[in-house]
Amino acid sequence: MQTFNAEILAAVAAIDQNWKGKGYDLHSYFTHDLAYGPDCCIKANHPPLTMCVAAVTEIIVEALNGYFAKTQDSVPFQKLPIRSWRGGSRSDIRAHIFMYDGLHCSGTAHALERFGIGRQTSFEQLQPGSFINLNRTAGSGHACVFLSYLDAAGNDVASYGPSVAGFKYFSSQGKGSPDGGFGYRWGFFDGHCPTSLPNGRRRDCGIIRSAKPNLLCCGVMLHPASWPSGDIIARGVAESLSAVTEGMNDLTPDELAQEMARELPAPDLSRFDGVTTD
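**Student:** Which residues make up the state of the cysteines, and what are the values?
**Tutor:** Evaluated as defined, the whole model comprises 2 disulfides. Residue pairing for C40: its cysteine sulfur links by disulfide to C41, the two sulfurs lying 1.5 Å apart. With the S-S dihedral at roughly -50 degrees, the linkage between C40 and C41 falls on the left-handed side. Here C193 pairs with C205 through a disulfide, and the sulfurs are 1.8 Å apart. Taken together, the residues span a long stretch of sequence, with C193 in the loop between β8 (181-189) and β9 (203-207) and C205 in strand β9 at a distance of 12 residues. A residue is classified by how much of its surface remains accessible, and C193, at 32% relative accessible area, is partly exposed. Relative accessible area serves as the criterion here: at 15%, C205 is assigned to the buried category. When the bonded cysteines of the chain are numbered from the N-terminus onward, they pair as 1-2, 3-4. With no disulfide of its own, C52 lies 8.4 Å from the sulfur of C144, the closest cysteine sulfur.

Shown next, in the form of structure tokens:
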């Protein structure tokens, strides 16, 4: 399996350099209007403010832009056209990453898998540049890019093992903080949070450890060289939704196409409140 992790990490580094700490707001998407390979643009609504699910989307789009800048390969942007990042229908990847109501999507990795451009994995299999959607005991949630495993003292752990008590991640968070927005956090599973961390490292505690993807959704994005064709992507999304959405199996092909293209109501994102322990 050829992953896109290296390109995701390059996008994290570029965003950290250029867009960190610009502010967190639950109803704001993207720090700026995003190019999409040869196309323009995926519009920001309140730049430079953003929130966590939009932040992960921005990282993915900028990773694809980095790939395009190096290769001039426009095929991925044809297979997954810009409208899929703008729209809110069942056929649009944005609706799945943002976990619109009724789509039964567990998070970024699940959305990428539905579109044939990613795979869900276990937490133990994560590599830097993978994705996590987490839930906390307090009832809130978060979307982020996984960077490393941590022990109970907040030290990096080279690979998964019994000493792992959490993980370092990059996303947008820090509601109400003067440096809220894109940045790093050191996340710890419930019961393993240190009293504090040195050198200004900020904790995110009370994360639920679970093998259930609706509580801890983990996985990777595939390299565009491994993406299926556009028609296979569309068919795969429809088939995956038919398996989990009541009544879709009973629709005629024309009715199914209409249902897949119908704009859905905007989701309730209130649990992605941007609040972390520090």
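**Student:** Residue-level account of the packing of aromatic side chains, with values.
**Tutor:** Following the criterion strictly, the structure yields 16 aromatic pairs and no others. Their ring planes at 45 degrees and their centres at 6.3 Å tell us that F146 and F167 sit as a pair that is tilted. One end of the pair, F146, is in strand β5 (residues 141-150); the other, F167, is in strand β7 (residues 166-173), with 21 residues separating them in the sequence. Of the aromatic side chains, those joined through ring pairs into one cluster are F123, F146, Y149, Y160, F167, Y169 and F189. Note that K168 overlies the ring of Y184, its terminal NZ or CZ placed 5.0 Å from the centroid.

What counts and what doesn't
Residues numbered from 1 in each chain as written. Predicted model: local features only at pLDDT ≥ 70, side-chain atom pairs only at ≥ 80, totals over all residues. Heavy atoms only, no water. Disulfide = S-S within 2.5 Å. Helix = DSSP H or I, 4+ residues; strand = E, 2+ residues; numbered from the N terminus. Buried < 20%, exposed > 50% of the residue type's maximum accessible area, 1.4 Å probe, protein only. Phe/Tyr/Trp six-rings, centres within 6.5 Å; stacked < 30°, edge-to-face > 60°. Lys NZ or Arg CZ within 6 Å of the ring centre and 35° of its normal.

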